[in-house]
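Chains, contacts and geometry: an overview
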Amino acid sequence: MGPLAVNEIISENTNLFLAFIIGIGFGFVLESSGFSSSRKLAGVFYGYDMVVLKVFFTGAITAMLGLLLFSLFGWIDLSMVYVNPLYLPSAIAGGVIMGVGFILGGYCPGTSFCGASIGKIDAMIFIIGLFLGVIIFALGYNLWDELYMAGYKGEPKISTALHLSDGFFALLMVIIALAMFWVAELAEKKFPREEY
Amino acid sequence: MEEKEIKKTAGTKYLNPYMGGVLLGLVLLAANFVAGRGLGASGAIKSVVVSATTVIAPSAEEKSDFVKEFKQTHHGNPMKTWLVFQMAGVIVGGFLSGAIAGRLKLKIEHSPKITSRKRLILALLGGIFFGFGSQLGRGCTSGAALSGMAVLSLGGFVTMMAIFGTGYVLAYFFRKNWI
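Below or above, wherever it landed, is the structure these notes cover. (Residues numbered from 1 in each chain as written. Chains lettered and ligands numbered in written order. Predicted model: local features only at pLDDT ≥ 70, side-chain atom pairs only at ≥ 80, totals over all residues.)

The subject of this paragraph is the overall build of chain A. Scanning chain A from terminus to terminus reveals 9 helices and 0 strands. Going from the N terminus to the C terminus, chain A shows its helices and strands as α-α-α-α-α-α-α-α-α. Summarising its shape, the C-alpha atoms of chain A cover approximately 45 × 45 × 35 Å along the three principal directions. Within the span of chain A, comprising 196 residues, buried residues form 52% of the whole. Taking all contacts inside chain A whose residues are at least 6 apart in sequence as the whole, residues at least 24 apart take part in 68%. (Helix = DSSP H or I, 4+ residues; strand = E, 2+ residues; numbered from the N terminus. Buried ≥ 20, exposed ≤ 12 C-beta atoms within 10 Å, placed from the backbone. Contact = placed C-beta atoms within 7 Å.)

Rendered as structure tokens:
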């Protein structure tokens, strides 16, 4: 059955319409969880507000388990679901540069649009920065395309790389996440502050 | 469904983070079920930039390997892509949530230890870094880290650890901007 668009059960235009609806859900959940506040987001790096860690990992695990269950029930063909390709050097370099952007700007791209949607001027400026960053990447593309294209490893799954079944890896992730949530709750008690 | 959750937690300012996480996971699951791909944000910015290049500088378009690379993986109008529609939804959804919770307000949010001007300069710089990094890393916190993790992508886990690892390493030096 699923993915609906890949199996051509729904038309291209229906798919784009649903993208808009899903986007509304995405923006609504991010904003109502407090992801429209850069100081709340940055809290994850200082322990005073661990909302990013809690929402992010609960979200990843929920979707991960949901996909495995959907696959088990025959509702989705996981081989048709997009798995991000791995180009190891650029994945690390890009991630490090994004980490610098995160600690400087306090937002990531998705959350900055959320912040801007409720009137955060710093988020709007961050978005201008995002466009500049993409334009710089595009203009200088020939300077870093070698790094960008280096070390292609296909679309590996972490479970396969660790020689574990998908289900067992998901169970491990749940346990790791629960441990992190426990630490997160302790950190928030240790570094209390007012709500932003 | 989401509205009901808001009412339930009306006493607090924000949704319970674990409830927010479950709802986020369900949205991500829906994206995969419908489109066979996860959520994203930076991809929509890339679409806009490619689209603008096509309009403003069609001659640059043919020369640019960046645009060529985009066109190899995307067909038709660069604005008619899944992530552009999804990000339009994000703006609407964020606005609705903020409106319901009474958080709509034009303001510059920053630590009392820094000025608004410094906050805006840092936000611009941060955006430039994040925008650049999201292209090099083929996706941002949404598309690479969150969505990648949900489909057990090794790349997603690598990018997630690189983003947050770097944040933690640098956090001490930038503490004044946040705490």
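Of the regular secondary structure elements, chain B holds 9 helices and 0 strands. When the elements of chain B are put in sequence order from the N terminus, they spell out α-α-α-α-α-α-α-α-α. Along the first, second and third principal axes, the C-alpha set of chain B runs to 55 × 40 × 35 Å. Relative to its full complement of 179 residues, chain B shows a buried share of 55%. Across chain B, every contact between residues at least 6 apart in sequence was considered, and the portion connecting residues at least 24 apart equals 51%.

Time to look at the packing of helix α5 (residues 109–117) of chain A against helix α6 (residues 82–101) of chain B. Look at α5(A) against α6(B): their axes get within 8 Å of each other, and the N-to-C directions meet at 45 degrees. In terms of their interaxial angle, α5(A) and α6(B) are classed as oblique. Crossing handedness for the pair α5(A) and α6(B): right-handed. Side by side, α5(A) and α6(B) meet where A:G110, A:F113, A:C114 and A:S117 of the first sit next to B:M87, B:V90, B:I91, B:G94, B:F95 and B:G98 of the second. Tallied by class, residues from the contact of α5(A) with α6(B) come to 6 nonpolar, 4 polar and no charged. (Axes fitted to C-alpha atoms, helices over the stretch in contact; angles between N-to-C directions. Parallel < 35°, antiparallel > 145°, perpendicular 65-115°, else oblique. Left-handed = near helix turned anticlockwise from the far one by under 90°. Nonpolar A, V, L, I, M, F, W, Y, C, P; charged D, E, K, R; others polar.)

On to the interface of chain B and chain A. Opposite the 110 residues of chain B that make contact, chain A presents 111 residues. Elements supplying a minimum of two residues to the side of chain B that touches chain A: α1 (2–8), α2 (17–35), α3 (42–56), α5 (65–73), α6, α7 (116–136), α8 (141–150) and α9 (154–171) of chain B. No other element matches α2(B), which puts 18 residues into the side of chain B that touches chain A. Residues of the side of chain B that touches chain A, tallied by class, amount to 64 nonpolar, 33 polar and 13 charged.

Right, let's talk about the packing of helix α6 (residues 121–139) of chain A against α3(B) for a bit. Interhelical geometry of α6(A) versus α3(B) gives an angle of 60 degrees and a closest axis separation of 10 Å. In this structure, α6(A) meets α3(B) at a crossing whose hand is right-handed. Of the residues in α3(B), those in contact with A:L130, A:F131, A:V134, A:I135 and A:A138 of α6(A) are B:I45, B:K46 and B:V49. Of the residues that constitute the contact of α6(A) with α3(B), the class distribution is 7 nonpolar, no polar and 1 charged.

Membership of the largest hydrophobic core comes to 108 residues, with the highest contact counts inside it found for A:A60, A:M64, B:L28 and B:A150. With residues near it in sequence (within four places) discarded, B:L28 still touches A:G59, A:A63, B:G38, B:L39, B:L146, B:S147 and B:A150. (Core = buried A, V, L, I, M, F, W, Y, C linked by C-beta atoms within 7 Å.)

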